[in-house]
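Chain by chain, the residues run as shown.
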Amino acid sequence: MLLPLLLRQSFSPLLTGCVRALHGSSQRTLLSQGEHLLRRRPASRLPTRNHSRKSRDQEEEWRTRNKTVLTYIAAAGVGMIGLSYASVPLYRLYCQATGLGGTAVAGHDTDQVETMKPVKERIIKVTFNADTHASIQWNFRPQQTEIYVVPGETALAFYRAKNPTDKPIIGISTYNVVPFDAGQYFNKIQCFCFEEQRLNPHEEVDMPVFFYIDPEFDDDPRMARVDTITLSYTFFEAKEGQQLPLPGYSYN
Amino acid sequence: MSTAMNFGTKSFKPRAPDKGSFPLDHFGECKAFKEKFMQCLRENTFDNSKCRLQSKEYLECRMDHQLMAREPLQKLGFKDLMDPPPSQEGSKP
């Protein structure tokens, strides 16, 4: 803040001289302009009364103008800082509105299951995939490779898991839906994910998934060409005090 | 694909199921109903719309054996299978 003031004070006589010279050239001839320039130097050392009042007025004018300019610049700086703080919630709102970055567009209504009407014209193939993490020794596989559903209709699908070892193993699973955009329309009413499931030695169980595809899937123009949705489950071993490893992260 | 940590690329965000997790059917109490459902699926080229009755029966079996929280079947989307009077069947699409 002080630096511009200092600069201004050193430059102001120069500025006033330049301004006067410019004014002079528009109104007087070259000769008189030369006289004026020659006269400028003694004028700065021994200012006459008229000249000093005029230069003081001009200097004051310059100062007030510079002050307003600096105020504007300071306000713009503060505005920029405020905008950078406000950008976080603003960006979040923008992402929610446009669905960028995979954020959920809106939460779905759980009472919708009761009132939704199946869109019978739109048949979607849901394929199933089963994966296990390398450390878990379960045999995990889907019992059907695909199923044809329509949006708005609840559907049931089965996976099978077997523990071939001699000790009980606790597994916990997570799922993935491809394509990602369709994932927001894929609603699971009940399944077997995110909770620890214990299998005793040599035990085999059926694991159902009860889901439906939101009827609004048919209205979304981005989903117009989507005919296949893949549901993929991955089982991990659950150990005491260990967090569920999210797909893609490695914790060790 | 959900491993891509690029800013701006879409990533999948798993959501918890609405009604939570199914308890495991350790004793195979509803295995018969499941087999009926799978049989129906195989016969109908895996068309879910044709096997809704079997899926309803499987869920009812689960509820009977305390393997699922009891809920009115309308809430599970089986409203169209619940109409008992045959006179109304014609009006339903």
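Residues numbered from 1 in each chain as written. Chains lettered and ligands numbered in written order. Predicted model: local features only at pLDDT ≥ 70, side-chain atom pairs only at ≥ 80, totals over all residues. Heavy atoms only, no water.

By the naming in an unreviewed UniProt entry, chain B is Cytochrome c oxidase assembly protein COX19, taken from Poecilia formosa. UniProt, in its Subcellular location (unreviewed entry) section for chain B, records the words "Cytoplasm". Under the heading Sequence similarities (unreviewed entry), UniProt records this for chain B: "Belongs to the COX19 family." (UniProt positions renumbered as here; feature names shortened; annotations may be inferred.)

Looking at an unreviewed UniProt entry, one finds chain A named Cytochrome c oxidase assembly protein COX11, mitochondrial and attributed to Poecilia formosa. UniProt's Subunit (unreviewed entry) comment on chain A is quoted here verbatim: "Interacts with CNNM4/ACDP4. Interacts with RANBP2." The UniProt entry for chain A carries this comment under Subcellular location (unreviewed entry): "Mitochondrion inner membrane".

## A word on unusual backbone geometry
Cis geometry marks the peptide bond from A:Val178 to A:Pro179; its omega dihedral reads 0°. With respect to the helices, strands and loops of the structure, A:Pro179 is situated in the loop between strand 5 (169–178) and helix 5 (180–183). Even without being glycine, B:Thr45 reaches a positive phi, approximately 50°. Along the polypeptide, B:Thr45 turns up in the loop between helix 1 (31–43) and helix 2 (52–64). Accessibility expressed as a relative area gives 56% for B:Thr45, which makes it exposed. If you check the backbone angles, B:Phe46 has positive phi at about 60° while not being a glycine. (Helix = DSSP H or I, 4+ residues; strand = E, 2+ residues; numbered from the N terminus. Buried < 20%, exposed > 50% of the residue type's maximum accessible area, 1.4 Å probe, protein only.)

## Some details on the UniProt feature "domain: CHCH" (unreviewed entry) in chain B
UniProt feature "domain: CHCH" (unreviewed entry): in the numbering of this structure it lies at residues 30–63 of chain B. Across residues 30–63 of chain B, the secondary structure splits into 74% helix and 0% strand, with the terminal C-alpha atoms separated by 10 Å.

## Some points on the packing of aromatic side chains
Residues and elements named next belong to chain A. Using the criterion set out here, one finds 18 aromatic pairs over all chains in the structure. With a centroid separation of 6.0 Å and an interplanar angle of 70°, the aromatic rings of Tyr-175 and Phe-194 are classed as edge-to-face. Within this pair, whereas Tyr-175 is found in strand 5, its partner Phe-194 is found in the loop between strand 6 (186–190) and strand 7 (197–199), the two being separated by 19 residues in sequence. Residue classification places Tyr-175 among the buried residues on the basis of a relative accessible area of 3%. Overall, Phe-194 belongs to the partly exposed group, its relative accessible area being 26%. Every member of this aromatic cluster is reached through a ring pair, and the members are Phe-128, Trp-138, Phe-140, Tyr-159, Tyr-175, Phe-186, Phe-192, Phe-194, Phe-211, Tyr-233 and Phe-235. (Phe/Tyr/Trp six-rings, centres within 6.5 Å; stacked < 30°, edge-to-face > 60°.)

## Side note on the interface of chain A and chain B
Across the boundary between the two partners, chain A contributes 52 residues, which contact 46 residues of chain B. Roughly 4,500 Å² is buried in total at the junction of chain A and chain B, and carbon and sulfur atoms are behind 56% of that figure. Interface area lost by chain A to chain B is led by A:Glu114, A:Phe180 and A:Gln190, which between them contribute 15%. Here chain A is connected to chain B by one salt bridge. There are 22 residue pairs in polar contact (both at pLDDT 80 or more) connecting chain A and chain B. When residues of the side of chain A that touches chain B are traced back to their parent elements, those giving at least two are helix 4 (112–115), strand 3 (146–149), strand 4 (154–162), strand 5, helix 5, strand 6, strand 7 and strand 8 (204–213) of chain A. The element contributing the most residues to the side of chain A that touches chain B is strand 8 of chain A, with six residues. (Contact = heavy atoms within 4.5 Å. Buried area = accessible area lost by both parts, 1.4 Å probe. Salt bridge = Lys/Arg side-chain N within 4 Å of Asp/Glu carboxyl O. Polar contact = N/O pair within 3.5 Å; in protein donor to acceptor, adjacent residues only side chain to side chain.)

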